[in-house]
2 protein chains.
Amino acid sequence: MTAARHIDIYDTTLRDGCQAEDIAFTVEDKLRIAERLDDIGIRYIEGGWPGSNPRDEAFFTAAKRLTLKQAQIAAFGSTRRIGVRASEDHNLKMLLQAETPVVTIFGKTWKLHVHEDLHISEMQNFEVIHDSITFLKRHTDKVIFDCEHFFDGFKDDPEFAIECCRVAADAGADVICMCDTNGGRLPEEIAAATDAVRQAVPTPLGIHCHNDSELAVANSLTAVQHGVVQVQGTINGIGERCGNVNLCSVIAILQLKMHYKVMHAAQLRRLREVSHFVWELANQEPNKRQPFVGLSAFAHKGGIHVAAVQKNPQTYEHIDPELVGNRQRVLVSDLSGRSNILYKAQEFGVDVEAVKPAARKVLAEVKELENRGFQFEGAEASFELLMQKGLNGKVRSFRLIGFRVIDAKHEEDKAPYSEATIRIEGPDGSIEHTVADGNGPVNALDRALRKALRKFYPQIDEVELLDYKVRVLGGGEGTSATVRVLIESGDGQDRWGTVGVSPNVIEASWQALVDSIEYKLYKDRKRQRGKRAAAHESTA
Amino acid sequence: MTAARHIDIYDTTLRDGCQAEDIAFTVEDKLRIAERLDDIGIRYIEGGWPGSNPRDEAFFTAAKRLTLKQAQIAAFGSTRRIGVRASEDHNLKMLLQAETPVVTIFGKTWKLHVHEDLHISEMQNFEVIHDSITFLKRHTDKVIFDCEHFFDGFKDDPEFAIECCRVAADAGADVICMCDTNGGRLPEEIAAATDAVRQAVPTPLGIHCHNDSELAVANSLTAVQHGVVQVQGTINGIGERCGNVNLCSVIAILQLKMHYKVMHAAQLRRLREVSHFVWELANQEPNKRQPFVGLSAFAHKGGIHVAAVQKNPQTYEHIDPELVGNRQRVLVSDLSGRSNILYKAQEFGVDVEAVKPAARKVLAEVKELENRGFQFEGAEASFELLMQKGLNGKVRSFRLIGFRVIDAKHEEDKAPYSEATIRIEGPDGSIEHTVADGNGPVNALDRALRKALRKFYPQIDEVELLDYKVRVLGGGEGTSATVRVLIESGDGQDRWGTVGVSPNVIEASWQALVDSIEYKLYKDRKRQRGKRAAAHESTA
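Keep in mind that this is a model prediction, so the values were computed, not measured.

What follows concerns the sheet that holds strand β15 (residues 482–490) of chain A. Strand pairing in a sheet takes place through backbone hydrogen bonds and is either antiparallel or parallel in direction. All names here are of chain A. Read from one edge to the other, the open sheet built from three strands follows the order β14-β15-β16, with strand pairing classed as antiparallel. With partners counted over all chains shown, the strands left at the sheet margins are β14 (464–473) and β16 (495–502), one partner each. For this sheet the average axis-to-axis angle between neighbouring strands, irrespective of direction, equals 15°. As judged from the eight bridges shared by β15 and β16, these two strands associate in the antiparallel manner. From the neighbouring strand, I487 faces β16, where its bridge partner is T498.

Right, here's the structure in full:
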């Protein structure tokens with residue numbers, strides 16, 4: 001084993017990742033993810049199974065126009081059907097029509113499947129593998145052969161499983177990838193089977209693990225230690241059942257702990273960003289406890305840990321979080337003292353020196369708000385407004401006199417009609433009184449508020465509400481439970497998050513809405529001041 | 001290595017588990033969890049750190065009254081402070097006052113911490129370990145010594161780390177537990193260090209891993225293979241940063257795949273239930289992709305997998321899910337045909353024969369509803385009502401004529417006032433018109449509806465809304481996004497879940513509320529019919 005050996009990463013987020021319950025990507029999502037994977041130096045990107053559904057076909061058509069720096073797109077499919085010549089097999093034809101530089105096909109290597117699923121002899125299975133690969137190799141640059149259920153097959157009958165690999169090697173496969181399809185095997189089983197295959201064939205080997213026993217990372221690393229050169233998996237480990245191996249962890253360990261060469265250090269520093277990007281497009285809450293890239297991965301709660309880690313991060317951190325684009329976090333609510341607010345201020349990019357005088361007041365308010373269920377992760381804009389309030393008094397661009405929201409339902413099978421009226425006092429003291437409807441009470445309120453403010457602040461038309469999340473806090477109180485609303489807004493230049501908490505979902509949404517608008521106005525004023533200062537300097 | 005060797009599980013969900021971001025248990029929660037852990041044969045239950053906070057002290061007081069079948073409660077703390085005699089150390093005294101049969105203390109075994117954190121010499125560190133253990137052993141039955149950062153310490157200076165273990169062994173520790181506190185070590189490092197300690201001391205060894213490299217399960221199993229007899233971890237792997245090792249996976253693998261003896265087969269079949277119980281009390285969404293016990297762990301989506309797994313589950317399942325109390329699931333939305341609805345009907349315990357005639361109609365409706373964002377996992381009551389509707393036409397106990405909800409806010413810093421009026425037609429054709437307020441619009445609506453129905457169905461007073469969840473579906477549409485509301489209700493006898501979906505949160509909540517009430521009435525009628533049938537039989 002050479003320390004500087006290069007390991008190729010083969011990403012199947014766009015294909016196996018979509019087998020996960022609740023996860024689906026649009027064609028546009030897939031293209032955007034492919035570009036990000038290319039950015040961080042992923043070698044192969046499996047795009048889908050042409051011929052299995054229209055969405056995957058559309059992806060391959062669109063993917064031809066992608067300009068990738070080094071990644072190669074792979075099309076995935078199966079060996080030819082039984083009783084059909086490879087050259088006449090519909091699926092193989094579809095694979096070639098995708099016109100990708102790499103084609104990956106899976107075949108059977110477990111006798112159980114050969115007999116019970118395909119109902120053919122072992123000899124016929126060898127022929128299926130041989131024919132499919134030789135046919136594809138005639139028309140494609142690179143062919144990867146995935147041995148489905150390889151390790152179960154090896155456990156059942158090592159001779160047969162190995163012979164399947166030999167057939168694939170003889171037929172010209174460029175990589176033979178061993179799959180733990182059911183995710184049931186232990187590291188020592190992976191090691192033994194990998195050693196046996198390496199002795200039997202000269203072809204470069206790959207590993208494809210599933211996480212049904214929470215061992216996919218360990219199994220993949222074991223295979224690499226036993227000579228495998230390609231690791232297949234998905235970003236964040238999304239995939240059918242318990243998922244595929246999580247490439248984020250595999251990449252970080254291979255490069256930082258085992259000293260293989262996977263990507264450039266600068267690319268590795270984008271790992272957290274790519275992980276969150278995929279969670280976002282998959283419309284899933286990021287797993288905060290995710291190793292290396294999760295929000296909590298370097299978060300310190302206990303007093304002892306915090307004190308020690310601030311003196312020397314090595315005491316409670318296994319790697320420098322910045323190597324994977326993550327950062328150390330100190331959770332405010334369990335700590336006391338000004339230093340934690342200043343730490344938090346720095347985290348959010350606020351001028352620490354300016355905050356110092358107000359830190360104690362802000363701290364008291366943050367603690368009280370966190371007690372009530374506020375959280376400022378993902379709501380940095382609300383936090384910054386809070387700091388500004390501590391420093392300069394309340395930041396206010398308008399005053400609410402009152403609002404009223406009505407939801408009225410007059411037919412059993414029709415949704416209610418929602419209407420909001422609102423009355424505000426503008427910055428010049430004049431009163432605006434507006435009304436709007438919406439497809440729900442919060443939407444109506446949002447529209448009425450914008451209508452009232454547009455006259456004073458035309459730039460609020462630039463604000464788009466990008467995401468709206470509701471989380472019920474504390475169980476066991478039914479419909480009177482407290483809810484936390486998180487709103488994410490953008491104006492084409494920036495994105496910001498705001499938060500509101502109340503037992504009343506309308507009130508919680510209102511708080512987050514108002515913060516979103518206030519932040520937009522505050523941010524524009526800050527930028528204007530910056531421009532004026534710059535202009536002043538250049539004329540001085 | 002003997003195949004039938006017994007492995008002790010040491011659970012620290014109640015102590016290390018509470019270090020997780022967002023997770024806190026009440027004293028009552030902790031007592032209930034302890035009882036469940038005892039039920040499934042966990043050997044040790046670490047309850048907390050007496051003296052660190054009032055909640056942990058209250059737990060130990062209350063725990064004295066628990067009658068456990070075989071589990072022993074452990075109190076956790078640290079070695080004595082520097083410059084204080086063990087017999088006069090406040091923390092050690094508090095540990096003894098907890099009056100537990102087991103006391104666990106951690107001490108330093110990494111020179112970095114000895115020098116930089118404690119600021120003492122290596123010799124002084126040995127004395128601290130020795131004094132603390134000998135003092136505790138004089139007053140307690142069993143003392144476990146946790147070697148904090150053992151594997152980092154061993155990597156840095158194996159001699160020193162091993163000497164710490166020798167000191168603990170000589171002082172009379174009953175178990176010496178090696179901790180990968182930062183979660184950074186690889187399986188081969190665990191193996192080498194464990195071998196070295198086994199050669200140096202005769203004391204039984206334990207392993208305590210954190211999951212910062214997604215290797216905690218592999219590391220724990222490796223330690224067992226190298227002779228460790230105790231595994232420390234938490235249910236679901238909750239814990240600081242990325243968590244502790246997930247005991248659910250460790251237990252299942254040790255017993256089912258490595259053939260150690262951990263618990264009785266009947267206890268193992270309760271693993272899924274205990275996992276979900278802990279998620280529930282931690283007020284966390286269960287991780288559906290969790291190995292062995294997660295909702296998706298045996299869920300099949302792709303057509304090929306579903307067809308194969310129905311013929312022979314072994315083809316795509318690494319273990320029989322029932323061994324850990326889980327079950328196979330076929331996801332309905334991606335499949336077609338009556339057989340899937342019948343499968344689903346069976347899952348929900350509905351009479352399959354009775355459903356058959358309506359299956360096609362129900363299937364079409366389920367597909368359409370799932371397309372709109374409904375999901376029936378966790379909303380079995382809504383699904384059963386849907387089946388009944390397919391069979392017998394709509395189940396209706398009342399007719400809505402209309403409702404109106406008003407949220408009015410008149411002061412900037414006060415929550416809005418919510419009021420709901422509702423008009424329904426009862427089963428006898430009479431009209432009820434009621435009004436109620438609430439601390440939010442849904443709460444007001446809930447109260448007005450009950451007020452209107454009470455006259456006709458007094459039993460609805462038994463219904464309690466236990467949980468209310470809101471999830472925003474699909475991102476990118478701001479406050480007009482579709483939301484799904486899940487309500488969990490109970491009446492002392494049963495618990496049931498219902499669902500509603502709409503872009504209007506009031507409407508989605510209304511749907512789930514109505515289903516909850518309808519299900520209660522339907523269920524009571526079914527029970528009445530059952531009783532009458534039984535009475536009829538006994539008099540016949």
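Back to the write-up after that little detour.
This brings us to the pairing of strand β2 (residues 44–48) of chain A. Residues and elements named next belong to chain A. With five of five residues buried, β2 lies mostly within the body of the structure. At this point the chain moves from strand β1 (residues 8–11), through helix α1 (residues 27–39), to the parallel β2, and the crossover so formed is right-handed. One ladder, built from four bridges, connects β2 with strand β3 (residues 72–78); its direction is parallel. In the strand pairing of β3, Y44 is matched with Q72. Read from β2 through helix α2 (residues 54–63) to β3, the crossover connection turns out right-handed.

The next point concerns the relation of the copies chain B and chain A. Taken as rigid bodies, chain B and chain A are interconverted by a rotation of 180° and an axial shift of 0.0 Å, the fit giving an RMSD of 0.1 Å. On the angle and the small slide along the axis, the relation comes out as a two-fold axis. Minimal C-alpha separation from the rotation axis in chain B is found for B:I406, amounting to 2.3 Å. In this assembly, 100% of the residues forming the interface of chain B have copies in chain A that are likewise at the interface, indicating an isologous arrangement.

On to the interface of chain B and chain A. Taken together, the contact between chain B and chain A spans 113 residues of the former and 113 residues of the latter. Here chain B meets chain A over a buried area of about 9,200 Å², counting both sides, of which 48% is carbon and sulfur. The three residues of chain B that bury the most area against chain A are B:E21, B:R289 and B:T479, which together make up 9% of that side's buried surface. Summed over the shared surface of chain B and chain A, the number is four salt bridges. Note that B:E412 and A:R396 form a salt bridge whose closest N and O atoms lie 3.1 Å from each other. Inspection of the chain B/chain A interface yields 33 residue pairs in polar contact (both at pLDDT 80 or more). For the side of chain B that touches chain A, the element with the most residues is strand β11 (residues 399–409) of chain B, which contributes eleven residues. Bridge count between strand β11 (residues 399–409) of chain A and β11(B): seven bridges; the pairing is antiparallel. If you follow A:I406 over to β11(B), its bridge partner there is B:I406.

Moving on, we come to the nonpolar core. Core analysis: the largest hydrophobic core is formed by 199 residues, its most contacted members being A:F150, A:L254, B:F150 and B:L254. Setting aside anything within four residues of it in sequence, one finds A:L254 in contact with A:I7, A:L221, A:V224, A:V231, A:H259, A:Y260 and A:V262. A:A436, B:I422, B:I424 and B:A481 belong to the second-largest nonpolar core, a separate cluster that totals 70 residues.

A word on unusual backbone geometry. Backbone geometry at A:H149 places phi at a positive 55°, although glycine is not the residue there. By the secondary structure assignment, A:H149 is in the loop between β5 (142–148) and α6 (150–156). We classify A:H149 as buried; its relative accessible area is 1%. Positioned with a positive phi, B:R241 is a non-glycine residue whose angle comes to about 55°. With respect to the helices and strands, B:R241 occurs in the loop between β8 (230–233) and α10 (247–257).

Attention shifts here to the pattern of salt bridges. Summed over all chains, the structure comprises 68 salt bridges over all chains. Between A:R399 and A:E425 there is a salt bridge whose closest N-O contact spans 3.0 Å. Of this pair, A:R399 sits in strand β11 while A:E425 is found in strand β12 (residues 417–425), placing the two residues 26 residues apart along the sequence. Under the relative-accessibility criterion, A:R399 is labelled partly exposed at 34%. We note a salt bridge from B:D152 to B:R185, for which the minimum N-O separation is 2.4 Å. Taken together, the positions of B:D152 in helix α6 (residues 150–156) and B:R185 in the loop between β6 (175–180) and α8 (187–200) put the pair 33 residues apart, joining distant regions of the chain. The exposure classification of B:D152 matches that of B:R185, with both residues buried. It is possible to trace a salt-bridge network through shared partners that takes in A:E462, A:D491, A:D494, A:K520, A:K523, A:D524 and A:R527.

Residue and element names in this part refer to chain B. Where helix α5 (residues 122–139) meets helix α7 (residues 158–171), the axes come as close as 8 Å, and the angle between the chain directions of the two elements is 25°. Put simply, α5 runs roughly parallel to α7. Crossing angle aside, the handedness with which α5 passes α7 is right-handed. Contacts between α5 and α7 pair E122, N125, F126, I129, H130, I133, T134 and K137 from the former with F160, E163, C164, V167, A168 and A171 from the latter.

Let us now look at the environment of A:D524. Residues and elements named next belong to chain A. By the element assignment, D524 lies in helix α19 (residues 505–539). Its relative accessible area of 16% is what places D524 among the buried residues. In the structure, D524 is positioned 65 residues away from Q459 in sequence and 9.0 Å away in space, judged by C-alpha atoms.

Now for the packing of aromatic side chains. If you walk through the whole model with that rule in mind, you get 24 aromatic pairs over all chains. Consider the rings of B:F403 and B:W510, whose centres lie 5.0 Å apart with planes at 55°: the pair is tilted. In this pair, B:F403 sits in strand β11 while B:W510 sits in helix α19 (residues 505–539), placing the two residues 107 residues apart along the sequence. One exposure class covers both B:F403 and B:W510, and it is buried. Across from the ring centre of A:F277, 3.8 Å away, lies the NZ or CZ of A:R36, which sits over that ring. Over the ring of A:Y44 we find A:R43, and its NZ or CZ is 5.1 Å from the ring centre.

Here the focus is the environment of B:W510. Judged by relative accessible area, B:W510 falls into the buried class, the value being 4%. Not counting residues up to four positions away in its chain, the partners in contact with B:W510 are A:K409, B:L400, B:F403, B:I422, B:L445 and B:L449.

It is worth spelling out the side chain of B:T498 at this point. Residue and element names in this part refer to chain B. With respect to the secondary-structure elements, T498 resides in strand β16 (residues 495–502). In this structure T498 comes out as buried when scored by relative accessible area, which is 0%. At 2.8 Å, the side chain of T498 forms a polar contact with the backbone oxygen of A512.

Looking now at the sheet that holds strand β5 (residues 142–148) of chain B. All names here are of chain B. An order of β1-β2-β3-β4-β5-β6-β7-β8 is seen for the eight strands of this closed barrel, with the pairing classed as parallel. Going from strand to strand, the sheet's axes swing by 25° on average, the running direction of each strand aside. Of the strand pairs in this sheet, strand β7 (residues 205–209) and β8 are connected by three bridges, and their pairing is parallel. By the bridge assignment for β8, G206 is matched with Q230. Sheet strands touched by helix α1 (residues 27–39): β1 (8–11) and β2 (44–48). Its angle to β2, the strand with the most contacts, is close to 170°.

By definition, a disulfide links the sulfur atoms of two cysteines through a covalent bond. All names here are of chain B. Applying the stated rule across the entire model yields zero disulfides over all chains. C147 carries a free sulfur, and the closest cysteine sulfur to it, the one in C165, is 4.0 Å from it. On the accessibility criterion, C147 (0% relative accessible area) is buried. Of the cysteine sulfurs around C177, a residue in no disulfide, the closest is that of C179, at 4.5 Å.

Take the packing of α7(B) against α8(B) next. Residues and elements named next belong to chain B. Here α7 crosses α8 at 40°, and the two axes come no closer than 10 Å. By the angle between their directions, the pair α7 and α8 is classed as oblique. In this structure, the crossing between α7 and α8 has a hand that is right-handed. Across the interface between the two elements, I162, C165 and R166 of α7 pack against A196, V197 and A200 of α8. Residue composition of the contact of α7 with α8, by class: five nonpolar, no polar and one charged.

In this section: the environment of A:F60. All names here are of chain A. Looking at the secondary structure, you find F60 in helix α2. You can call F60 buried: its relative accessible area is 3%. C-alpha of F60 to C-alpha of K394: the two residues are 334 residues apart in sequence and 53 Å apart in space. Among residues more than four places away in sequence, those in contact with F60 are G47, G48, W49, P50, I73, A74, A75, A98 and T100.

What counts, and at which threshold
Residues numbered from 1 in each chain as written. Chains lettered and ligands numbered in written order. Predicted model: local features only at pLDDT ≥ 70, side-chain atom pairs only at ≥ 80, totals over all residues. Heavy atoms only, no water. Pairing = 2+ DSSP bridges. Helix = DSSP H or I, 4+ residues; strand = E, 2+ residues; numbered from the N terminus. Axes fitted to C-alpha atoms, helices over the stretch in contact; angles between N-to-C directions. Buried < 20%, exposed > 50% of the residue type's maximum accessible area, 1.4 Å probe, protein only. Right-handed = clockwise from strand over helix to strand, strands pointing away. Least-squares fit on C-alpha atoms with pLDDT ≥ 70 in both. Contact = heavy atoms within 4.5 Å. Buried area = accessible area lost by both parts, 1.4 Å probe. Salt bridge = Lys/Arg side-chain N within 4 Å of Asp/Glu carboxyl O. Polar contact = N/O pair within 3.5 Å; in protein donor to acceptor, adjacent residues only side chain to side chain. Core = buried A, V, L, I, M, F, W, Y, C linked by side-chain atoms within 4.5 Å. Parallel < 35°, antiparallel > 145°, perpendicular 65-115°, else oblique. Left-handed = near helix turned anticlockwise from the far one by under 90°. Phe/Tyr/Trp six-rings, centres within 6.5 Å; stacked < 30°, edge-to-face > 60°. Lys NZ or Arg CZ within 6 Å of the ring centre and 35° of its normal. Disulfide = S-S within 2.5 Å. Nonpolar A, V, L, I, M, F, W, Y, C, P; charged D, E, K, R; others polar.

Geometric values such as these leave the question of function open.
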